[in-house]
Amino acid sequence: MTTRPNPDDLLERVMREEDRQSRGRLKVFFGFSAGVGKTFAMLEAAQVLRAQNIDVVAGVVETHGRSETEEQLQGIERLPMKKVAYRDRLLPEFDLDAALQRKPQVMLVDELAHSNVPGSRHAKRWQDIDELLRAGIDVYTTLNVQHIESLNDVVGQITGIRVFETVPDHVFDQADDVMLVDIPPDELLARLKQGKVYMPQQAEKAGRNFFRKGNLIALREIALRRTADRVDADMREYRADRSIAQLWQARERIVVAVGSGAGEERLIREAARLAAKLQAEWLAVHVDLANGSQALAGRERVLGYLKLAQSLGAETASISGDELATALLQFTKSRNAGKLVIGQQRGRLAKRIAALGEGVDIYTVARSRTAAGDGDSREDSVADAAQDLLTRRRRIRGYAWAVASCAVTTALAFVLNDFLHPANVIMLYLVGVMLVAMRHGRSASALVSVLSVLSFDFFFVDPRFSISVSDVQYLLTLLVMLAVSLFISSLTARLRRQASVAMQRETRASNLYMLGKELSALLTLDQILEIGRRHLAAVFGARIAFFLPDSANQLHLAEPEQEAGGAHVLKSVDAGVAQWVYDNGQPAGKGTATLPSAAALYLPLTATMRTRGVLAFAIEGASEDERQLAAAQLALPENRQMLEIFCSQIAMAIERLHYAEVAQDALVSMESERLRNSLLSAISHDLRTPLTSLVGSADVLAANPRLDEDARAMARTIGEQSQKMVGLMNNLLDMARLQAGAVTLNRQWNALEEVAGSALRLLSKTLEGRSVEVRLPAGLPLLRVDAVLLERVFSNLVENAAKYSPPGSAIAIAAHVETLDGAQQVKVSVSDHGRGFPPAMAQHAFEKFTRGDNESSTPGVGLGLAICRAIVEAHQGRIWIAPQEPGQGATVCFTLPVEAQPDLPEE
């Protein structure tokens, strides 16, 4: 059987080839874990290319200190790394601009899933590689299976470790070549113990966590399966590009043909068992033939069968075709399936497929004997009988038009007989056949074909008014006329069907285009919902209701603003069903397996980031039969897919509007923050000079012996309060400078106890009558910090502890060294015995102008903790409030990184 190539496929193939020629080729060395030898294999391949005089440059190669990997780099030009500033550090990164300027034939870029340092041109290394490919440079890279986006959660469940550097699936799928680098898990564990994967101290930790044998076996299987899927996709693409119709059964795949009759459940279950036995993929397909309408109950049965197959693990499809055997074979070969399962009652179909399909094995399954004995089948029979009655009426109407057309054509030809040649009379009859076929289908056109031949013989062939034929030549003419009439009727009916399908597709595409075009220009939520109602009502003939969430994720019915939108609004809705759909992200209601008794269908409006609402959808119709027929049409896969696309476009429009509002609010907030910082800086600067003068004058007056004691006490009070105002101004200025990024850290090696002691000496007056317990163990490492700023952190934390705890209560400062993710850090805590932080405040305590108790008489404006956070984060540390029981005091903790210690001079 030969198939004419699809012009669209040919055009797409040409465009794909042109794109491939302009882009570089990407080769991925793929493995199931670190240490399997991906980088080594990549360098081996690079050395082979070098031996062939191909220009190879190493852009990024991570050897991890492995000597055998370093040896493979010998002779390969290495591109210098670019230094990128990040948090007062210079970090090495791949130099994309230098690579584009050097433009070798092949560039080696290790670790495809790597995240670039913030501030780089691209956030991810795979984006750098894509730019290299667009520049025509071939790229070799490496990737582990846990970094593929769709497999990330699966691997995380197996290993208990979730990685956050991932690569989109399309990057892996679009690679020109994937080489699986594989070794047995026992060999990998042996390499780990020998120190060939990690350093000894890291290897011991990895062996207890990620590198367990069970984990490695599971990861290896996932990598092998993903590679097999990739190879299978490559093979199907190769067959499609070269129009190869012959099956290549490199992988078991089964197709089961699902009909509309009762009893197909057994066929589907047998196919599922066969697929499980053969460990094969399987697909369930229904062919919607072009030669007639299907009963309502039959459509509902087909949908039920496809849902059953999907629940058993099949991929489902509904296709259109003129002839069942041909359509099934075309679908089977397009999916490269070697086995076709059909019902045993279709004996003629099996023979037809066997005659047409070389290389396709046919399995027949007996029909279930209990298929037609239940109440549902009796209901289906009633519905089928009603549908059959409508079908018979349409056929009778078509037959009547066939007879009328033949009679009119005969009368016209009889009148014009003296002026027309017999051949022209035949042409008149063929025109009638074509018109009937266009309006009333194949059966009516077949009838008019036979009637036309008989009429022509009876009225215009000698002997006239008799069926007999005197001349043998006329007998041949009549046979040819009959054949041509039947051919025209069949061809016209087929074209009518194809035109109807094309119009439906064009209507879908046009509706989607118009919906997307209108949604892209809307600026308000009410406009989006109104456009959605109008388009859904026009396409599906339905009434619509939208549910939108509030800040607490509780749904509320969105009422239309304009009365004109009320014609398409669904009034009878169930908010409980809508809330379930929103919470679970799954459809529910009529036609689904969840709450099927609901009067409407409820679909989630799922956008890129989250679910934006729920759509309630109910079919309109003049009668119950029409509504059921429309519901059955909607449940067809292609129509359901279109409805889901509508929902997706509406959800994306709502999300776009949401983020536009967020961006606008952020812009306003940033501008407000900038103006506030400028104002605070200006006010603080202008107030410092008079406050400094006031403090100095108050100190002079307090020390003047000529004043009495009351006057000197008043002067001391003025000085103390002015000093507090100076501290407040300093905080405001520091906050403004930190926010503007105008503070440069003066990092020096300092001992933590010296910085803490200096802060306590400055607070000696504030801490009068209190005991401060300092628990700093001997041997704390030196910290490379800005001592002045870190002193401010201690001052603010201790001063806050003194403000919000009872007079005379103790304050504790403690520190110790801890290890997190392989890096050492010093953890410092400041604790008091006051009321503690309110539970709702823990997440907002470090924001500017936030206070623990707004009604408190304790002085302050809420900048102390905000300044602490800015300083600690500038040192690459972290600050937080430790959880405490209410009334048990407050503990604020912060961490500072420990760097390699300096060489101290010998005593």
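Please refer to the structure higher up on the page.
Not measured: the values here are computed from a predicted model.

Caption draft 1: Structural detail: the nonpolar core. Residues Phe30, Leu108, Leu132 and Leu143 are the most contacted members of the largest nonpolar core, which totals 54 residues. Leu763, Ile871, Val872 and Val892 belong to the second largest nonpolar core, which has 40 residues in total.

Caption draft 2: Up close: unusual backbone geometry. At Lys103, a position not held by glycine, the phi torsion is positive, near 45°. Among the residues examined, Lys103 registers a relative accessible area of 49% and is labelled partly exposed. Backbone geometry at Gln876 places phi at a positive 60°, although glycine is not the residue there. With respect to the helices and strands, the residue Gln876 is situated in the loop between helix 25 (864–874) and strand 24 (878–881).

Caption draft 3: Expanded view of the pairing of strand 9 (residues 253–257). Judged by how many residues are buried, strand 9 sits mostly within the fold: five of five residues are covered. Neither face of strand 9 is left uncovered, since the one carrying Arg253, Val255 and Ala257 and the one carrying Ile254 and Val256 both have all their residues buried. Between strand 9 and its parallel partner strand 10 (residues 281–289), the chain crosses via helix 11 (residues 265–278), and the hand of that crossover is right-handed. Here strand 9 runs beside strand 12 (residues 339–343); their pairing, made up of three bridges, is parallel. Residue Val256 lies in a different strand from strand 12, and its bridge partner there is Val341.

Caption draft 4: Fine view of the sheet that holds strand 3 (residues 77–78). What the six strands build is an open sheet, ordered 3-2-6-7-1-8; its pairing is parallel. Each having just a single partner strand, strand 3 and strand 8 (177–180) make up the two edges of the open sheet. Pairing between strand 1 (residues 26–31) and strand 8: four bridges, direction parallel. From the neighbouring strand, Phe29 faces strand 8, where its bridge partner is Met179.

Caption draft 5: Representation of the pattern of salt bridges. Inspection of every chain in the model, using the stated rule, returns 22 salt bridges. Among the ionic pairs, Arg121 bridges to Glu131, the shortest N-O distance being 2.6 Å. Of this pair, Arg121 sits in the loop between strand 6 (106–109) and helix 5 (125–134) while Glu131 sits in helix 5, and the two are 10 residues apart along the sequence. Between Arg747 and Glu899 there is a salt bridge, and its shortest N-O distance comes to 3.9 Å. Of this pair, Arg747 sits in the loop between helix 22 (709–740) and strand 19 (748–750) while Glu899 sits in the segment after strand 25 (891–897), placing them 152 residues apart in sequence. In this structure Arg747 comes out as buried when scored by relative accessible area, which is 13%.

Caption draft 6: Structural detail: the sheet that holds strand 11 (residues 315–321). Read from one edge of the open sheet, five strands run 11-10-9-12-13, paired in parallel fashion. Since the sheet does not close on itself, it has two edges, and those belong to strand 11 and strand 13 (361–365), each with one partner. Each neighbouring strand pair of the sheet contributes to a mean axis angle of 25°, computed without reference to strand direction. Relative to strand 11, strand 10 runs parallel, the two being bridged by seven bridges. Residue pairing for strand 11: His286 is matched across the bridge by Ser318. Relative to the sheet, helix 11 contacts strand 9, strand 10, strand 12 and strand 13, its axis offset from that of strand 9 by approximately 175°. Helix-sheet contacts for helix 13 (residues 324–334) involve strand 9, strand 10, strand 11 and strand 12, and the interaxial angle to strand 10 is about 150°.

Caption draft 7: Inspection of the packing of aromatic side chains at higher detail. If you walk through the whole model with that rule in mind, you get five aromatic pairs. Between the aromatic rings of Phe794 and Phe894, the centroid separation amounts to 5.8 Å while the plane-to-plane angle is 75°, which identifies the pairing as edge-to-face. Within this pair, whereas Phe794 is found in helix 24 (residues 787–803), its partner Phe894 is found in strand 25, the two being separated by 100 residues in sequence. A relative accessible area of 1% places Phe794 in the buried class. The ring of Trp880 carries Arg878 above its face, with NZ or CZ at 4.1 Å from the centroid.

Caption draft 8: Inspection of the packing of helix 24 against helix 25 at higher detail. Interaxial distance between helix 24 and helix 25 falls to 9 Å at its minimum, and their mutual angle equals 150°. Judged on the interaxial angle alone, helix 25 and helix 24 are roughly antiparallel. As helix 24 runs across helix 25, the sense of the crossing is left-handed. Contacts between helix 24 and helix 25 involve Leu789, Leu790, Arg792, Val793, Asn796, Leu797 and Asn800 on the former and, on the latter, Gly864, Leu865, Ile867, Cys868, Ile871 and Val872. Of the residues contributing to the contact of helix 24 with helix 25, the split by class is nine nonpolar, three polar and one charged.

Caption draft 9: A nonpolar patch on the surface, seen in detail. A cluster of nonpolar side chains, contributed by Leu412, Val415, Leu416 and Phe419, occupies part of the molecular surface with about 420 Å² of accessible area. For Leu416, a relative accessible area of 31% translates into the label partly exposed.

Caption draft 10: Local environment of the side chain of Arg253. Along the chain, Arg253 falls in strand 9. Within polar-contact distance, the side chain of Arg253 engages the side chain of Glu281 at 3.1 Å.

Caption draft 11: Representation of helix 18 (residues 525–540) within the structure. Helix length check: helix 18 (16 residues) gives 22 Å between terminal C-alpha atoms against 22 Å at 1.5 Å per residue, within 8%. Turning to helix 18, its buried residues number three or more, namely Ile528, Leu529, Ile531, Gly532, Arg533, His535, Leu536, Ala537 and Phe540.

What counts and how
Residues numbered from 1 in each chain as written. Predicted model: local features only at pLDDT ≥ 70, side-chain atom pairs only at ≥ 80, totals over all residues. Heavy atoms only, no water. Core = buried A, V, L, I, M, F, W, Y, C linked by side-chain atoms within 4.5 Å. Buried < 20%, exposed > 50% of the residue type's maximum accessible area, 1.4 Å probe, protein only. Helix = DSSP H or I, 4+ residues; strand = E, 2+ residues; numbered from the N terminus. Right-handed = clockwise from strand over helix to strand, strands pointing away. Pairing = 2+ DSSP bridges. Salt bridge = Lys/Arg side-chain N within 4 Å of Asp/Glu carboxyl O. Axes fitted to C-alpha atoms, helices over the stretch in contact; angles between N-to-C directions. Contact = heavy atoms within 4.5 Å. Phe/Tyr/Trp six-rings, centres within 6.5 Å; stacked < 30°, edge-to-face > 60°. Lys NZ or Arg CZ within 6 Å of the ring centre and 35° of its normal. Parallel < 35°, antiparallel > 145°, perpendicular 65-115°, else oblique. Left-handed = near helix turned anticlockwise from the far one by under 90°. Nonpolar A, V, L, I, M, F, W, Y, C, P; charged D, E, K, R; others polar. Patch = residues over 30% accessible without salt bridge, like charges linked within 9 Å, V, L, I, M, F, W, Y side chains within 5 Å. Areas by Shrake-Rupley, 256 points an atom, 1.4 Å probe, with all protein chains shown as cover. Polar contact = N/O pair within 3.5 Å; in protein donor to acceptor, adjacent residues only side chain to side chain. Expected span 1.5 Å × (residues − 1).

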